[in-house]
Number of protein chains: 2
Amino acid sequence: MERSPHILENETLDELRLGGMKILQRKDGYRFSLDPILLCAFAKIKPGDRVLDLGTGSGIIPLILGRVTQAARVVGVEIQPEMADRARRSVLLNELQDRVEIVCGDLRGEKPLQGFSPFSVVVSNPPYRRLGTGRHAPDSERALARHELAGGIDDFIRVASERLAEGGRFFMIHLAERLVDLVEIMRLLRLEPKRLRFVHSRAGEAARLLLVEGRKGGRPGLEVEAPLYVYEGDRYSLEVLKIYGEEDPEGGL
Amino acid sequence: MERSPHILENETLDELRLGGMKILQRKDGYRFSLDPILLCAFAKIKPGDRVLDLGTGSGIIPLILGRVTQAARVVGVEIQPEMADRARRSVLLNELQDRVEIVCGDLRGEKPLQGFSPFSVVVSNPPYRRLGTGRHAPDSERALARHELAGGIDDFIRVASERLAEGGRFFMIHLAERLVDLVEIMRLLRLEPKRLRFVHSRAGEAARLLLVEGRKGGRPGLEVEAPLYVYEGDRYSLEVLKIYGEEDPEGGL
């Protein structure tokens, strides 16, 4: 117990059903949502993959992928030192430090990823809201995590393209309303969109989010998959329960 | 009876439940599918609209829109003289000649639409298959209707943009796999994608088609609507039956 990483007074230690994972989150700061979990379920990670997560926040994505896939290495980049530190301690709490690493820095700069060889996969659940839209959360931790204050959609896609090996895969979740910007920039930066899935809260409603897979240097040709519905009535849909591991706890993602 | 347009030996006169419409089709040529009907149901036509249909084929779209909307005028352009002639006779058979006009010519040229003032709406159900993909139907009427022999996706979108008034609406149905090309070219040609709907054969299957609405000079901002499912089990879905007017024959589209 003495050797386990400390938990600050303003933090909670939450347990995810998902592989029995533990994660530290600030009580009143940004807390992860369903979105990174949907992204992890959408991303196809192969044994031996080298994965980079852009804007990792609490480290939820590296923690999940480190736990439930056979990726050789998962690196998360986070601009906020306090969040990066918290993510690092979560890595230790889950004893994933051999394969999962959290790097602190601005992904738009050269520094944080200096020395890393190209990745086979880049994932990202970036801030959704454009500068000047919506209300900025009064707290700066939440503001940075929700708004494009530290990089817009184009920064994230540019860095993904730069850091991927040729033929590498890019997985992102974003607002459905940004579809056109997203695929336009992806194609421009040689991350050809190959797979697309829309996330609707319920059947019969408009899509709220999209999941997209791109391939660096890939040829045009897109599959638009069956939609994902989050709720059935007032409860999570069977598919979301399965993703959470509620139906088959041994099955991982 | 003597005054009604003639029906050639190689033609059939088919009746659509949809507003009691009649349509001439060649027995062994191109026969329309569900797709133009889905497009007509997706397009929002207002009273007084001036509508242009690019690649009108048998005239199915102008015939439907002339019948079930209050468009002031509907003009269809068709490159194949035999099909244009057949579409014209269908217009007469439905007594729509005061509001519906079929023009024969290559939409890529200046000629066919010379003298027409800008339209408020352009619709199109163009050929889907790229040159060199799939087998070309041995018959040239079918080949022209199915393959991009007489204009690719970019020609159709360019002409739509040229012929639309500022603020005008563009409605197209195409293969879901062409999504990225479509929205990229639309934005490039100032037809900003505003509404998108995917058509799946059945729930749980990938999308086969997409329906898109663009607005000339519109601002970015897209709604991805609930998907349309064509079948429920072995039967048409309730929504498709409604579109066909099976549920409520008086309701039009």
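Trainee: I would appreciate a short explanation of the confidence of the model for chain A in the present structure.
Mentor: Should pLDDT be low for a region, the predicted coordinates there are not to be read in detail. All names here are of chain A. Per-residue confidence for chain A gives a mean pLDDT of 87; residues scoring 70 or more make up 84%. Within the model, pLDDT remains below 50 along residues 248–253, and this stretch shows seven contacts once partners closer than five positions in the same chain are excluded. For this predicted complex, the interface confidence score (ipTM) comes to 0.85, while the overall pTM stands at 0.87.

Trainee: What exactly am I supposed to notice about the side chain of Ser237 of chain B here?
Mentor: Residue and element names in this part refer to chain B. Inspection of the secondary structure assignment puts Ser237 in the loop between β13 (235–236) and α7 (238–243). Here Ser237 falls in the buried class, since its relative accessible area comes to 2%. A distance of 2.7 Å separates a polar atom in the side chain of Ser237 from the backbone oxygen of Tyr229. In this structure Ser237 touches Tyr229, Val230, Tyr231 and Glu232, once residues within four positions along its chain are discounted.

Trainee: Looking at this structure, I do not really get the pattern of salt bridges. What am I missing?
Mentor: Side chains that differ in charge, positive against negative, can pair when their charged atoms come close. Taken as a whole and judged by the stated rule, the model has 36 salt bridges over all chains. Arg187 of chain B is the partner of Asp181 of chain A in a salt bridge, and the nearest nitrogen-oxygen pair spans 2.7 Å. With Asp181 of chain A in helix α6 (residues 179–188) and Arg187 of chain B in helix α6 (residues 179–188), this residue pair bridges two chains. Each of the two residues, Asp181 of chain A as well as Arg187 of chain B, counts as buried. Here Glu184 of chain A makes a salt bridge to Arg187 of chain B, at a shortest N to O gap of 2.8 Å. With Glu184 of chain A in helix α6 and Arg187 of chain B in helix α6, the pair connects residues from two separate chains.

Basis of the calculations
- Residues numbered from 1 in each chain as written.
- Chains lettered and ligands numbered in written order.
- Predicted model: local features only at pLDDT ≥ 70, side-chain atom pairs only at ≥ 80, totals over all residues.
- Heavy atoms only, no water.
- pLDDT = per-residue confidence, 0-100.
- Contact = heavy atoms within 4.5 Å.
- Helix = DSSP H or I, 4+ residues; strand = E, 2+ residues; numbered from the N terminus.
- Buried < 20%, exposed > 50% of the residue type's maximum accessible area, 1.4 Å probe, protein only.
- Polar contact = N/O pair within 3.5 Å; in protein donor to acceptor, adjacent residues only side chain to side chain.
- Salt bridge = Lys/Arg side-chain N within 4 Å of Asp/Glu carboxyl O.

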